[in-house]
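Here's the letter readout for the chains.
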Amino acid sequence: MNPLVEIKGLSKCYEGKKMALDNLNLTLPRGRIIGLLGPNGSGKTTLIKLMTGLLTPTSGSITVNGTPIGIFTKSRIAYLPERTYLQSNMKVNDMIEFFTEFYPDFRKEKAYEMLNALGIEPKASLKTLSKGTKEKVQLILVMSRDADLYILDEPIAGVDPAARDYILRTIISNYNENATVLLSTHLITDIESILDEVVFIRYGQLVLYNSVDNIREHFGKSIDAYFREVFAC
Amino acid sequence: MAWTLDSDRPIYLQLVEIIQMRIVSGIYKAGDRLPSVRELATEAGVNPNTMQKAFAELERSGLIFTQRTSGRTVTENTELIFSIRESLAREQLMQFFSKMKELGYEQTEITALINQAAEEGK
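Worth saying up front: this structure is predicted, and the values here are computed from it rather than measured.

### Description of the overall build of chain B
And then number 1: What chain B contains, in helices and strands, is five helices and two strands.
And then number 2: Of the regular secondary structure in chain B, the N- to C-terminal order runs α-α-α-β-β-α-α.
And then number 3: For chain B, the C-alpha radius of gyration of 18 Å lies well beyond 14 Å, the compact-globule estimate for 122 residues.
And then number 4: Along the first, second and third principal axes, the C-alpha set of chain B runs to 55 × 35 × 25 Å.
And then number 5: Burial statistics for chain B: of 122 residues in total, 23% are counted as buried.

Encoded structure:
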C-alpha cells in the first residue's frame, strides 16, 4: 500500500530567524502509532502545523494519501492542537453537535461514550471546566473522528494519570490498520508501550526514525533513557 | 497475572513471556480460544502491532495456532506445554543456585536449606 504521509525536503524559516525545519525527509506508513519526540524548540510543533496546513513551508512538500496539504487533507486529518481553543460559552453537547455537522466522519455515539467513561457532564458549559477537563473534551472531539491521520500535539500533558491511562487505551482501541496516529510529547515513559515507532528531531532535522522494540533491543534501554542520552544537555 | 513490563527490554518479548506463563500456569488451557489481539493489547496497554508480533512469535514456537474460523487457540499438545513449563522451572532454579553461590553456600547446604524451608512451608 502507498505510504500515508510523504515529506520531502521540507524547510520552514520564520522571518529573520534560524531554520525551524531544515530539509526534513520522512515517510510515514499506515496503521502505526508514532511518537514525535525532540527537545524544546526542535521543530515538532512547526512540523505539525505544516502537516495540518496552518503554516506554509518555505520549501519542500508534504502529501497525505498522495494529496498535497490543503482543504481536502484537512477533512482526513484529525488535529489536537497544543493549546485549547475551547473558550466559548458553548456547552459540551453543543460542541458535539457542531463537530457532527462540520465533519462527516464524526461519530457522535463514540464521543458520548467517552464523555461518560471520563465522567464529564455533557450539559456542562465549556468555560466552567477545569483546564484538564477541557483538554479531555478536546481530545474526545478529535478521537471521535474516523480520520486517516490523527495528529496529537501534547495530548496528555495536562490530564491526571488515571485519565491518561484511559486516553492511551482509547488511542489503542481506536487503532485501525488504515489510520496512523502521530503524537508529540515529553512524557515518553507514559506512552512508549503504545508506540510502534519514534521519530527524533533536533534543530529541525531528523535524528532517527526507528521502531521502539528495535531501539530497546539494540541499545538495551527504554526510549525515555535513550532520548536522555541522545539529547543530553 | 498483570502485564508488568520492564522498560529496557523489547516489549514483544515480554508479552511472549507473559502469555507463555499464562498458558503454562493454566490460565489459558490447552485447546482454549485466546482473546483477540485488540482485546489483549488494550488490556496490556500496548500497541496492537506489538501484540501481533508476540502472537507471531508464539505461533512459531507451536504454542498457539491460528484457525481461520475461530481465531487463535492454545495448542492441544500438552507435552509441549509441559516441556516449556519444565524449561521455565529450570531457569528459575539456575537463577536461584547462582544467587545462593554468590552468598557463599555449598551444594549440600543449599539442599538442606531447601528441605528445611519446604518443611516450614507445609
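Right, picking up where we left off after that structure.
### Considerations on the sheet that holds strand S2 (residues 19–28) of chain A
And then number 1: In spatial order, the strands read S2-S1-S4-S5 (chain A); together these four strands make up an open sheet with antiparallel pairing. The two strands at the open ends of the sheet, each matched to only one other strand, are S2 and strand S5 (67–68) of chain A.

### Section: the interface of chain B and chain A
Note: interface size is frequently given as the accessible area lost on complex formation between the parts.
And then number 1: With 16 residues of chain B at the interface, the matching set in chain A holds 17 residues.
And then number 2: Sorting the residues of the side of chain B that touches chain A by element identifies helix H1 (11–24), helix H2 (37–44) and helix H3 (48–60) of chain B as the ones contributing at least two each.
And then number 3: Of the residues that constitute the side of chain B that touches chain A, the class distribution is seven nonpolar, six polar and three charged.

### Concerning the nonpolar core
And then number 1: Counting residues in each nonpolar core, the largest one holds 81 residues, and the members touching the most others are Ile34(A), Leu149(A), Ile151(A) and Leu15(B).
And then number 2: The dominant element in this core, judged by the number of residues it contributes, is H1(B), at six residues.
And then number 3: The residues touching Ile151(A), leaving out its near neighbours within four places in the chain, are Ile48(A), Met51(A), Thr52(A), Ile77(A), Tyr79(A) and Leu182(A).

### Considerations on the domain arrangement of chain B
And then number 1: When the domains of chain B are assigned, the result is domain 1 (11–76) and domain 2 (89–121).
And then number 2: When each unit is reduced to the centre of its C-alpha atoms, the spacing between domain 1 of chain B and domain 2 of chain B is 33 Å.

### Let's talk about the sheet that holds strand S6 (residues 77–80) of chain A
In sheet architecture, strand pairing relies on hydrogen bonds along the backbone and comes in two forms, parallel and antiparallel.
All names here are of chain A.
And then number 1: Taken in spatial order, the six strands make up an open sheet running S6-S7-S8-S3-S9-S10, and their pairing is mixed. Edge positions in the open sheet fall to S6 and strand S10 (205–211), since each of these has one partner strand only. With strand direction ignored, the average angle separating the axes of adjacent strands in the sheet is 15°.
And then number 2: Two elements, strand S9 (residues 197–202) and S10, share six bridges in a ladder whose sense is antiparallel. Pairing of Ile201 across the sheet is with Leu206, part of S10.
And then number 3: Each of S9 and S10 touches helix H8 (residues 212–219); the most contacted strand, S10, lies at about 90° to it.

### Examining unusual backbone geometry
Residues and elements named next belong to chain A.
And then number 1: In this structure, Asn23 is a non-glycine residue whose phi angle is positive, near 50°.
And then number 2: Considering the arrangement of structural elements, one finds Asn23 in strand S2.
And then number 3: Overall, the presence of 14 C-beta atoms within 10 Å leaves Asn23 in the partly exposed class.
And then number 4: The backbone phi angle of Asn65 is positive, close to 55°, even though this residue is not glycine.
And then number 5: By secondary structure assignment, the location of Asn65 is in the loop between strand S4 (59–64) and S5.

### Overview of helix H1 (residues 44–51) of chain A
At 3.6 residues per turn, the α-helix brings residues three or four places apart onto the same side.
And then number 1: In terms of residue burial, H1(A) counts as a mostly covered element, since seven of its eight residues are buried.
And then number 2: Once H1(A) ends, the next one or two residues include Gly53(A), with phi positive near 80°.

### Thoughts on the packing of H1(B) against helix H4 (residues 78–102) of chain B
All names here are of chain B.
And then number 1: Two elements in contact, H1 and H4, have axes separated by 10 Å at closest approach and are oriented at 115°. The hand of the H1/H4 crossing is left-handed. Side by side, H1 and H4 meet where Gln20, Ile23 and Val24 of the first sit next to Ile81, Ile84, Arg85 and Leu88 of the second.
And then number 2: Tallied by class, residues from the contact of H1 with H4 come to five nonpolar, one polar and one charged.

### Quick notes on H4(B)
Residue and element names in this part refer to chain B.
And then number 1: With 25 residues, H4 ought to run about 36 Å at 1.5 Å a step, and its terminal C-alpha atoms sit 36 Å apart, in line with that.
And then number 2: Counting buried positions along H4 gives one out of 25 residues, so the element sits mostly on the surface.
And then number 3: Phi turns positive, to about 90°, at Gly104, one or two residues after H4.

### As for the environment of Thr4(B)
All names here are of chain B.
And then number 1: Looking at where Thr4 falls in the secondary structure, it is placed in the segment before H1.
And then number 2: Overall, the presence of 8 C-beta atoms within 10 Å leaves Thr4 in the exposed class.
And then number 3: Separated by 20 residues in the primary sequence, Thr4 and Val24 place their C-alpha atoms 18 Å from one another.

### Some words on the environment of Gly26(B)
And then number 1: Within the element layout of this structure, Gly26(B) appears in the loop between H1 and H2.
And then number 2: For the pair formed by Gly26(B) and Leu63(B), sequence separation is 37 residues and the distance between their alpha carbons is 13 Å.

### Section: the environment of Pro39(A)
Residues and elements named next belong to chain A.
And then number 1: Turning to its location among the elements, Pro39 is positioned in the loop between strand S3 (33–37) and H1.
And then number 2: On the neighbour-count criterion, Pro39 (15 C-beta atoms within 10 Å) is partly exposed.
And then number 3: Linking Pro39 and Phe227, residues 188 residues apart in sequence, is a C-alpha distance of 9.1 Å.
And then number 4: Among all residues touching Pro39, those that are not within four sequence positions of it are Arg202 and Phe231.

The rules behind the values
- Residues numbered from 1 in each chain as written.
- Chains lettered and ligands numbered in written order.
- Predicted model: local features only at pLDDT ≥ 70, side-chain atom pairs only at ≥ 80, totals over all residues.
- Helix = DSSP H or I, 4+ residues; strand = E, 2+ residues; numbered from the N terminus.
- Rg over C-alpha atoms; globule rule 2.2 N^0.38 Å.
- Buried ≥ 20, exposed ≤ 12 C-beta atoms within 10 Å, placed from the backbone.
- Pairing = 2+ DSSP bridges.
- Contact = placed C-beta atoms within 7 Å.
- Nonpolar A, V, L, I, M, F, W, Y, C, P; charged D, E, K, R; others polar.
- Core = buried A, V, L, I, M, F, W, Y, C linked by C-beta atoms within 7 Å.
- Domains from an automatic or database assignment.
- Axes fitted to C-alpha atoms, helices over the stretch in contact; angles between N-to-C directions.
- Left-handed = near helix turned anticlockwise from the far one by under 90°.
- Expected span 1.5 Å × (residues − 1).

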